[in-house]
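Residue-level structural notes
Residues per chain, in single letters:
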Amino acid sequence: MSSKMICAGCGWTAPPLDPRPFRCPRAGTDDVDHVLARRLESASPVPFFDTEPNPFVRYRTFTHAWHTAQAIGMSDGEFVDLVRALDAHVGGFVVTPFEQRSGFWVKDETHNVAGSHKSRHLMGLMLWLLIAERIDPSVAHARLAIASCGNAALAAATIACAAKRDIDVYVPDDASRSVITRLEELGANVTRCEREPGVAGDPAYLRFREAVARGALPFTCQGNENGLVIEGGQTLGWELASQLAARGTALDHLFIQVGGGALASATIAGLEEALALGVLPRMPRIHAVQTLASPLRRAYDRVVDRGIDEAIAHRSQFMWPWESAPHSIATGILDDETYDWAAVLRGVLSTGGSVITVSEDELREANRIAGEGVSATGSAGLAGALSLRGGDESVGILFTGASVAGQSRDDS
Ligand SMILES: Cc1ncc(COP(=O)(O)O)c(C=O)c1O
Ligand SMILES: [Zn+2]
């Protein structure tokens, strides 16, 4: 098969037709950063120039699900039918706009399914599950699980509901009532998780881990928990590459807001694949943007001294939870760890980019410029880009999430 799931930390490769190629079996057994990534042996650039509006149809031949479907005897037409059938219940994925606004190139995800880019990660994963259940029927009956109280949970519940799958959403006990109500309307089973005295770590995340240990499928937006979620997010990078190629232009810089890191990891991977296929003339410099509470910046400073390979071999010396509970208007990028840090830093380093931290004032100013309809997390990349103001280089940003009735719902 020409698509494989390989661990970026140790090189372990999932057996062909493994229905759950989500996590490296060595993860947690040592200090190596084990994260599975999809690797294609060969691919054609043709999908980048396809005019099909649904990205999960247009770029299907880049997905592990499609390659696996071929390997088990499904035809391309059957696969397309399966994508369209699910998409009809989801509400319709279409390539999102990419246009110039206020001197920046903006990829606008605010009208995407469930109001943010997060649905891309989970649509990709659901398509995988629909193929995997043909290999192992138990996949069809396993519950889905996610720890989130914001866009990721809304996206997960939306896609799970469309696929008529049971989903458990673990949220902290201070999660907003309106998000919980919406999740319950979508049919999700929401569990509030209280902090237990003397137990460190996010209680919702701990309960999620327990559920996965009991056999639930990790239906999450974190690559370390499920390497396959990155692939769905890559549709954003592939679209960007198509849109740049169509305009015959290239970006000098791309600013990406980073919480858990899946968005940046996926965008970088998508652009790199486009570069490898000759669709892009060069990579933009990747700038990862975080709030002043920045575990990624802390890791980056150490990686600059010691190198990325050493960092991947000694994760705990580079990435650990932020010690104090951070606060910001950009609630969606407050993850206490950057779970996909290694892939993001690789992209930053290989492109000559940077890790930028922005203040609350800068986040507010960016959100004002972004205008109504974009959440503070959604415009956080712009806050980073404004620090470059004045140059004549072409700068890309991602408006990743919508605000709802003036209220942010970004919390990851
Ligand atoms: C609107 C929005 N943008 C960006 C992010 C950051 O994505 P990631 O956690 O994958 O870094 C999030 C995460 O919650 C989000 O909700
Ligand atoms: Zn591994």
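Residues numbered from 1 in each chain as written. Chains lettered and ligands numbered in written order. Predicted model: local features only at pLDDT ≥ 70, side-chain atom pairs only at ≥ 80, totals over all residues.

What follows concerns the nonpolar core. One finds Ala153, Ala156, Ala157, Val169, Phe219, Ile256 and Ala288 to be the most contacted residues of the largest nonpolar core, which totals 126 residues. No other element matches helix 4 (residues 118-135), which puts 10 residues into this core. Ignoring anything within four residues of it in the chain, the contact list for isoleucine 256 reads Leu263, Ala264, Thr267, Ile286, Ala288, Val289, Gly381 and Leu398. (Core = buried A, V, L, I, M, F, W, Y, C linked by C-beta atoms within 7 Å. Buried ≥ 20, exposed ≤ 12 C-beta atoms within 10 Å, placed from the backbone. Helix = DSSP H or I, 4+ residues; strand = E, 2+ residues; numbered from the N terminus. Contact = placed C-beta atoms within 7 Å.)

Another aspect to go through is the sheet that holds strand 7 (residues 189-193). Strands sit in the order 7-6-5-8 across an open sheet of four strands; the sheet is parallel. Edge strands, defined here as strands with exactly one partner in the open sheet, are strand 7 and strand 8 (217-218). Pairing of strand 6 (residues 167-172) with strand 7 involves five bridges; the strand directions are parallel. Bridged to aspartate 168 within strand 7 is asparagine 189. Across the sheet, helix 5 (residues 151-162) is in contact with strand 5 (144-147) and strand 6; its angle to strand 6 comes to roughly 165°. Contacting strand 5, strand 6, strand 7 and strand 8, helix 7 (residues 203-213) runs over the sheet at an angle of about 160° to strand 5. (Pairing = 2+ DSSP bridges. Axes fitted to C-alpha atoms, helices over the stretch in contact; angles between N-to-C directions.)

Moving on: the sheet that holds strand 9 (residues 253-257). Spatially, the six strands line up as an open sheet ordered 3-4-12-9-10-11, and their pairing is mixed. With partners counted over all chains shown, the strands left at the sheet margins are strand 3 (98-101) and strand 11 (354-358), one partner each. Strand after strand, the sheet turns through a mean of 30° between neighbouring axes, direction not considered. One ladder, built from four bridges, connects strand 4 (residues 104-108) with strand 12 (residues 395-399); its direction is parallel. Bridge assignment links valine 106 to a residue of strand 12, and that residue is isoleucine 397. Running over the sheet, helix 12 (residues 341-351) touches strand 10 (285-291) and strand 11 and is turned about 135° from strand 10.

A word on helix 13 (residues 360-370). Here helix 13 has its buried residues at Glu362, Leu363, Ala366, Asn367 and Ala370. Seen along its axis, helix 13 keeps its buried residues to an arc of 135°; they face one direction. Away from its buried face by more than 90 degrees, helix 13 exposes Asp361 and Arg368. Note on helix 13: the residue one or two positions beyond its end, glycine 371, has a positive phi of about 90°. (Arc of directions from axis to C-beta.)

The values are spatial; any link to function lies outside them.
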